[in-house]
Amino acid sequence: SRRVFFPPSTYLKKTCTILFVEYLKKQFDSPPYSQAVELDRQTEVRCHPPPGVPPPRVYWLRNGVPLEPDTNLIVSSEGHLLVGQARLQDTANYTCVAENVAAKRVSEPAQLTVF
């Protein structure tokens with residue numbers, strides 16, 4: 001009998017591929033809504049971002065410019081905008097932005113009016 005040898009490069013290799021699907025849905029679960037608040041009162045502008053993998057990072061725009069949180073305007077761990085004591089200068093359009101490696105979604109602006 002005759003033996004046949006194949007060089008190592010011709011062996012069939014069995015491989016396993018893991019596929020990670022990254023996405024960010026288009027629609028916010030609940031976009032922020034406009035509201036009016038009395039001077040010196042607390043309020044919360046809620047934003048429930050669209051589902052995504054990985055989960056999106058949430059941040060806010062104030063009149064189209066990235067919001068710089070301060071001691072009175074805080075973004076919660078859930079992504080909601082918390083206003084400790086509403087000031088007249090807090091009157092603005094606030095936009096929720098959700099972003100991950102797959103996409104970036106921007107809500108319609110919500111008007112916060114302090115009176």
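See the structure shown above.
Right, let's walk through the structure included here. (Residues numbered from 1 in each chain as written. Predicted model: local features only at pLDDT ≥ 70, side-chain atom pairs only at ≥ 80, totals over all residues. Heavy atoms only, no water.)

With that settled, consider the overall build of the chain. When helices and strands are tallied, the chain shows zero helices and 11 strands. Along the chain, from the amino end to the carboxyl end, the secondary structure elements read β-β-β-β-β-β-β-β-β-β-β. Put simply, the chain has 115 residues, and 32% of those count as buried. Taking as baseline every contact in the chain between residues at least 6 positions apart, the subset at least 24 positions apart corresponds to 60%. Surface exposure of the chain reaches about 8400 Å², of which carbon and sulfur atoms provide 55%. (Helix = DSSP H or I, 4+ residues; strand = E, 2+ residues; numbered from the N terminus. Buried < 20%, exposed > 50% of the residue type's maximum accessible area, 1.4 Å probe, protein only. Contact = heavy atoms within 4.5 Å. Areas by Shrake-Rupley, 256 points an atom, 1.4 Å probe, with all protein chains shown as cover.)

Among the eight residues of strand β9 (residues 92-99), six are classified as buried, and the element is accordingly described as predominantly covered. Strand direction decides the pairing type here: strand β5 (residues 57-62) and β9, joined by six bridges, are antiparallel. Following the sheet pairing, R57 is matched in β9 by E99. In this sheet, strand β11 (residues 110-114) lies alongside β9 in antiparallel orientation, the contact comprising three bridges. Among the inter-strand pairings, A92 is bridged to a residue of β11, identified as L112. Pairing of β9 with strand β10 (residues 104-106) involves three bridges; the strand directions are antiparallel. Within the sheet, the bridge partner assigned to E99 lies in β10 and is K104. (Pairing = 2+ DSSP bridges.)

Here we come to the environment of G64. When you line up the elements, G64 lands in the loop between β5 and β6 (65-66). For G64, a relative accessible area of 54% translates into the label exposed. Here the alpha-carbon distance between G64 and P109, two residues 45 residues apart in the chain, equals 8.8 Å.

Let's shift gears to the sheet that holds strand β7 (residues 73-75). A sheet is described by the order of its strands in space; here three strands give the open sequence β3-β8-β7, paired in antiparallel fashion. With partners counted over all chains shown, the strands left at the sheet margins are β3 (43-45) and β7, one partner each. Taken over all neighbouring pairs, the strand axes of this sheet differ in orientation by 25° on average, direction set aside. With three bridges joining them, β3 and strand β8 (residues 81-83) adopt antiparallel strand pairing. Among the inter-strand pairings, T43 is bridged to a residue of β8, identified as V83. (Axes fitted to C-alpha atoms, helices over the stretch in contact; angles between N-to-C directions.)

Our focus in this paragraph is the nonpolar core. Judged by nonpolar contacts, the single largest core of 17 residues is most densely connected at W60, L67, L81, Y94 and C96. Among the elements that make up this core, the one with the highest residue count is β9 (four residues). When neighbours within four sequence positions are excluded, L81 is seen to be in contact with T43, E44, V45, W60, L67, I74, V75 and Y94. (Core = buried A, V, L, I, M, F, W, Y, C linked by side-chain atoms within 4.5 Å.)

Everything listed here is a matter of coordinates, which is why it stays silent on function.
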